Amino acid sequence: MNKILEKTYFSDKVVQLIVDSPLIAKSRKPGNFVILRIGEDGERFPLTISDADPVRGTITLVVQIMGVSSSKLVALEPGDCITDLVGPLGKPTHIENIGTVLAAGGGVGVAPLLPIVEAFKKAGNRVISVIAARNKDLIILEDEIRKWSDEVIVMTDDGSYGRQGLVTAGMEEIIQRENVNECIVIGPAIMMKFASLLTKKYNIPTQASLNSIMVDGTGMCGACRVTVGGKTKFTCVDGPEFDAHQVDFDEMLMRLGGYMQEERKASEIYSQKH
Amino acid sequence: MSLNPDYLKEDRSQAWRAELRAKTKNKDRTLIPRVKMPELAPSIRVKYQDREVNMGLELDQALKEATRCMDCVNPTCIEGCPVSINIPKFIKYIEKGEILNAAATLKETNALPAVCGRVCPQEKQCESRCFYVEKTDKPAVAIGHLERFAADFERESGSSNIPETAKPNGIKIAAVGSGPASLSFAGDMVKYGYDVTVFEALHEVGGVLKYGIPEFRLPNAIVDFELDNLRKMGVKFETNYIVGRTSTFDDLREAGYEGFFIASGAGLPRFMEIPGENYNGILSSNEYLTRVNLMGAALDDKDTPVLKGKNVAVIGGGNTAMDSVRTALRLGASRAMIIYRRSEAEMPARVEEVKHAKEEGVEFMTLCNPLEYFADEKGRVNGMKLNRMGLGEPDSSGRRRPIVIEGSEFGLDVDLVVVAVGVSPNPLVPSCLPDLKITKWGTIIVDEEKMQSSISEMFAGGDIVRGGATVILAMGDGRRAAENMHEYIQNKANN
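Every value quoted in this text rests on a predicted model; they were computed, and no experiment measured them.

Caption draft 1: Spotlight on the overall build of chain A. Helix and strand counts for chain A come out as nine helices and 15 strands. Compactness check: chain A gives a C-alpha radius of gyration of 18 Å against a globular reference of 19 Å for 274 residues, within 12% of the reference. Dimensions of chain A along its principal axes, counting C-alpha atoms only, are 50 × 40 × 35 Å. By residue count, 58% of the 274 residues in chain A fall in the buried class. Counting contacts in chain A only where the partners sit at least 6 residues apart, residues at least 24 apart contribute 64% of the total. Counting only carbon and sulfur atoms, one obtains 50% of the accessible surface of chain A, whose full area is about 11300 Å². Put simply, chain A has 30 plus and 35 minus side-chain charges, and the middle of one group is 2 Å from the middle of the other.

Caption draft 2: Representation of the packing of helix α12 (residues 180-192) of chain B against helix α14 (residues 220-233) of chain B within the structure. Residues and elements named next belong to chain B. Relative orientation of the contacting elements α12 and α14 amounts to 25 degrees, with a least axis distance of 10 Å. Comparing their axes, α14 and α12 come out roughly parallel. Considering only the axes of α12 and α14, their crossing is left-handed. Packed against α12, whose contacting residues are L183, G187, V190 and K191, the element α14 presents L227, L230 and M233 at the interface. Of the residues in the contact of α12 with α14, the class split is five nonpolar, one polar and one charged.

Caption draft 3: The nonpolar core, seen in detail. All names here are of chain B. Counting residues in each nonpolar core, the largest one holds 96 residues, and the members touching the most others are I87, F90 and I94. Setting aside residues no more than four positions away along its own chain, F90 makes contact with I85, A102, T105, L106, I143, L146 and E147. Within the second largest apolar cluster, 31 residues are counted, among which are L268, C368, V419 and L428.

Caption draft 4: Geometry of the sheet that holds strand β8 (residues 126-133) of chain A. All names here are of chain A. Strand order in the open sheet formed by seven strands is β10-β9-β8-β7-β11-β12-β15, with mixed pairing between adjacent strands. Each edge of the sheet is formed by a strand with only one pairing partner; in this case those strands are β10 (163-164) and β15 (241-243). As paired strands, strand β7 (residues 100-106) and strand β11 (residues 182-186) are joined by five bridges and run parallel to one another. Within β11, the residue paired with G105 across the bridge is I186. Against the sheet, helix α3 (residues 110-122) touches β7, β8, β11 and β15, its axis set at about 170 degrees to β7.

Caption draft 5: Region of interest: the interface of chain B and chain A. Counting residues at the interface gives 38 residues for chain B, matched by 40 residues for chain A. Interface area for chain B against chain A, summed over the two sides, is near 3400 Å², with a carbon-plus-sulfur share of 54%. Three residues stand out in chain B for area buried against chain A, namely B:R245, B:N278 and B:D303, and they jointly supply 21% of the buried area on that side. The interface formed by chain B and chain A holds three salt bridges in total. Its salt-bridge partner being B:D303, residue A:K72 comes within 2.7 Å of it at the nearest N-O pair. For the pair chain B and chain A, the number of links is 24 residue pairs in polar contact (both at pLDDT 80 or more).

Caption draft 6: Examining the sheet that holds strand β3 (residues 33-37) of chain A more closely. Residues and elements named next belong to chain A. Strand order in the open sheet formed by six strands is β1-β2-β5-β4-β3-β6, and the pairing between neighbours is antiparallel. Two strands close off the open sheet at either side, each with one partner strand: β1 (4-9) and β6 (84-89). When the angles between neighbouring strand axes are averaged without regard to direction, this sheet yields 30 degrees.

Caption draft 7: The domain arrangement of chain A, seen in detail. All names here are of chain A. The assigned domain composition of chain A is domain 1 (4-89) and domain 2 (100-256). The C-alpha-based centres of domain 1 and domain 2 are spaced at 21 Å. Taken residue by residue, the interface counts 19 residues in domain 1 and 21 residues in domain 2. When the buried surface of domain 1 facing domain 2 is broken down by residue, F33, R44 and S50 rank first, second and third, together holding 27% of it. Here domain 1 is connected to domain 2 by zero salt bridges. Counting across the domain 1 and domain 2 interface gives two residue pairs in polar contact (both at pLDDT 80 or more).

Caption draft 8: Spatial organisation of the confidence of the model for chain B. Chain-level pLDDT for chain B is 93 on average; 99% of the residues reach the 70-or-more range. Per the prediction output, this complex has pTM 0.93; the corresponding ipTM is 0.93.

Caption draft 9: Looking closely at the packing of helix α2 (residues 15-23) of chain B against helix α7 (residues 87-96) of chain B. Residue and element names in this part refer to chain B. Following both chains from N to C, one finds α2 and α7 inclined at 65 degrees, their axes separated by 11 Å at the closest point. For the element pair α2 / α7, the angle class is roughly perpendicular. Taken as a pair, α2 and α7 cross one another with a handedness that is left-handed. From α2, W16, R17 and L20 reach across to α7, where they touch P88, K89, K92, Y93, E95 and K96. Looking at side-chain class alone, the contact of α2 with α7 contains four nonpolar, no polar and five charged residues.

Caption draft 10: Representation of the side chain of B:E287 within the structure. Inspection of the secondary structure assignment puts B:E287 in helix α16 (residues 285-294). Engagement of the side chain of B:E287 in a polar contact is seen with the side chain of A:Y259, the distance being 3.3 Å.

Caption draft 11: The pattern of salt bridges, seen in detail. Under the criterion given, the structure shown has 62 salt bridges over all chains. Across the salt bridge formed by A:R37 and A:D84, the nearest N and O atoms sit 2.8 Å from each other. One end of the pair, A:R37, is in strand β3; the other, A:D84, is in strand β6, and 47 residues separate them in sequence. By relative accessible area, which is 5% here, A:R37 ends up buried. Among the residues examined, A:D84 registers a relative accessible area of 8% and is labelled buried. Three or more residues are tied together by salt bridges with common partners; here these are B:E39, B:R45, B:R217, B:D323, B:R326, B:R330, B:E353, B:K355, B:E359 and B:E360.

Caption draft 12: Spotlight on the packing of aromatic side chains. Under the defined criterion, the tally for this structure stands at nine aromatic pairs over all chains. Ring geometry for A:F234 against B:F271: centres 6.4 Å apart, planes inclined by 80 degrees, an arrangement best described as edge-to-face. One end of the pair, A:F234, is in strand β14 (residues 231-234); the other, B:F271, is in the loop between β5 (268-269) and β6 (282-284), on a second chain. For the residue pair A:F234 and B:F271, the accessibility class agrees, reading buried in each case. Seen in terms of ring centroids, B:W16 and B:Y93 are 4.3 Å apart; in terms of plane orientation they differ by 20 degrees. Their pairing is stacked. One end of the pair, B:W16, is in helix α2; the other, B:Y93, is in helix α7, and 77 residues separate them in sequence. Of the aromatic side chains, those joined through ring pairs into one cluster are B:F199, B:Y241 and B:Y257. Sitting over the face of the ring of B:F410, B:R388 holds its NZ or CZ atom 4.1 Å from the ring centroid.

Caption draft 13: Quick look at a nonpolar patch on the surface. Residues A:I190, A:F194 and A:L197 make up a contiguous nonpolar surface patch of about 280 Å² in total accessible area. Among the residues examined, A:I190 registers a relative accessible area of 44% and is labelled partly exposed.

Caption draft 14: Inspection of the environment of B:L412 at higher detail. Residue and element names in this part refer to chain B. Tracing the backbone shows L412 in strand β13 (residues 410-412). Exposure remark for L412: the relative accessible area of 10% places this residue in the buried category. Each C-alpha atom, one on L412 and one on N382, is 8.7 Å from the other, the two residues being 30 residues apart in sequence.

Caption draft 15: Region of interest: unusual backbone geometry. Residue and element names in this part refer to chain A. G87 connects to P88 through a cis peptide bond whose omega is -5 degrees. Along the chain, the position of P88 falls in strand β6. A cis amide bond links G239 to the next residue, P240, at an omega of 10 degrees. Relative to the helices and strands, P240 is located in the loop between α7 (235-238) and β15. Despite not being glycine, L141 shows a phi value in the positive range, around 55 degrees. As for its position among the elements, L141 is in the loop between β8 and α4 (142-147). You will see that N203, though not glycine, has its phi angle at about 60 degrees, which is positive. By secondary structure assignment, the location of N203 is in the loop between α6 (189-201) and β12 (206-209). Residue N203 is classed as exposed on the basis of its relative accessible area, which comes to 69%.

Analysis parameters
- Residues numbered from 1 in each chain as written.
- Chains lettered and ligands numbered in written order.
- Predicted model: local features only at pLDDT ≥ 70, side-chain atom pairs only at ≥ 80, totals over all residues.
- Heavy atoms only, no water.
- Helix = DSSP H or I, 4+ residues; strand = E, 2+ residues; numbered from the N terminus.
- Rg over C-alpha atoms; globule rule 2.2 N^0.38 Å.
- Buried < 20%, exposed > 50% of the residue type's maximum accessible area, 1.4 Å probe, protein only.
- Contact = heavy atoms within 4.5 Å.
- Areas by Shrake-Rupley, 256 points an atom, 1.4 Å probe, with all protein chains shown as cover.
- Lys, Arg positive; Asp, Glu negative; His and termini not counted.
- Charge placed at Lys NZ, Arg CZ, Asp CG, Glu CD.
- Axes fitted to C-alpha atoms, helices over the stretch in contact; angles between N-to-C directions.
- Parallel < 35°, antiparallel > 145°, perpendicular 65-115°, else oblique.
- Left-handed = near helix turned anticlockwise from the far one by under 90°.
- Nonpolar A, V, L, I, M, F, W, Y, C, P; charged D, E, K, R; others polar.
- Core = buried A, V, L, I, M, F, W, Y, C linked by side-chain atoms within 4.5 Å.
- Pairing = 2+ DSSP bridges.
- Buried area = accessible area lost by both parts, 1.4 Å probe.
- Salt bridge = Lys/Arg side-chain N within 4 Å of Asp/Glu carboxyl O.
- Polar contact = N/O pair within 3.5 Å; in protein donor to acceptor, adjacent residues only side chain to side chain.
- Domains from an automatic or database assignment.
- pLDDT = per-residue confidence, 0-100.
- Phe/Tyr/Trp six-rings, centres within 6.5 Å; stacked < 30°, edge-to-face > 60°.
- Lys NZ or Arg CZ within 6 Å of the ring centre and 35° of its normal.
- Patch = residues over 30% accessible without salt bridge, like charges linked within 9 Å, V, L, I, M, F, W, Y side chains within 5 Å.

Structure (structure tokens):
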């Protein structure tokens, strides 16, 4: 169970895994995530599902090496099994034909964006995607995003590929050019914060998919709580997607750093051993 | 669910029971003082998250305590037990020295005796209905300590008795969640001959017994042993499986499941919704205890981190609050405080837990209520503001209502806050069943006798029905649901 069938390096830090998981492959919807645990000493952590093949019985996960758990996951090879994998969790993305959708993905956030782009396209929308990363090596899934988009803008911080600039520059260009009915943004919290500020300025309804710290992922612990419209919500069961204009991103950024010291120490110990 | 009175009478009239009764005069029985549970010294136990505080009775202590039991004609104690253990029978087996038979008696109706002997509030249940309490001014027979003794004796003897099960009938039943309600349900259903699978969302079976109750009160190894017994009886377990999500209920129906028992628990932790509550270092008791108990976060070789505090405030007065504050002490807090808005008399925690917490050095700040939290520049909590409270007239819970004392605000330095003010039902499973009737609080509506929900082949029990109760009440629900689902399935087959 949960056997890794394929492993592809998008860059030295970003890896795509195709995992045998027939039940989740059948039941997942765009926007859903899974919780994983690697090894008996491992922690539980969430990853959004980036694709699934119900016929083959597989789900696709994209992971960026950040700390101990992502390193342990990336250390697995085809044939190895993920110790624990549970899902699909979270509310699926609300998909309907609303006209023009602007989808913005930053870094590894492009992976969870992909099934949403596909679903909006299949629902009959005009879909324009802006994918961004620090540099050329970190731009992922460009061809797949192109397949389901009417237009794609690639942005890199250093200009090594596509256009130079932040994701918001590409977004603003589209917004000024044509009528956009809805935005979806997925990426680092700081990117979502500024993308959200931009679309708020233009009054475009915007969904953001949040990547909070979680333990169980089923509503039990409340580690993932986030303030939305002045009310505390749980990312795992109330989200992970929320009205971006209502999300308190500053609080979210603060909470993402809640275990920074512990994480840094664990990473040091892990890298000494490996 | 009460035991058949004829069965009780018949058991009581057996020669060995009559002989035991004749052997010691009732008057002499009443003269024996109630046994005291041996405990690990507070100065030692606060250093270990995983060493049990209660050490269990020795054989001679158990034999003597069992002698106190009068083997009453009308054993009211049984009426106080949600799973209807034949209490006099198991205690008399202990008095006779046949401890394995005592353990077998427990397992007739209780799938988890070693667990219940540790965590049940016996003082509010069986022991509150004991002859000594009802008819004399002496303390009750220590039924809970004896239950634990018999279960532990059997486990340590290595000759574990597996209860008899009926011939398999091939009918597939799904239990959703693997906490005490489900385990109790599953144990009874395999006894009736069903093919029972317990589905658990987490990676470990046991529900609150694993993620919630700390090892110093209930070691995981004890839970695992009881789970193994259920496995040997034929119960199957599927972890990492959320019924309604991983597969739909319809998928399971198609796979041949004919009955469902939903016991998915009271998942969502409540917060007080006061300013600053989302600062780092403020977490729910569920999160704190799950990190430590389920994920082993206090151990160096585990990846899951846990925030440690020097000045730890735990908000609430229930058993979960006691578990949290005592955990904080064991993780190195120099000051561990319970902050409770009523007085100690209104605390829902077991008296034993409060006593243990005090012995260990927990500070009780009663009649205090949090108002606001403060944090440093990185967002980590570093202080809080509280109000002092007085008590007014009793409210709907029968406890005196706390009233704010104007102008009583004061500050407190804290670097970790654990919020243990209750839980709400987990919506994850009910939300997958649009036809299922639920209350406005999100609990599943059931027929109270049968535990049957608005969907006839679905029964439910435990915290998803009660909103927040005890292990033993959940287990009672599981037993009632099993009995009535069995009847329902038989009736369906006959029609």
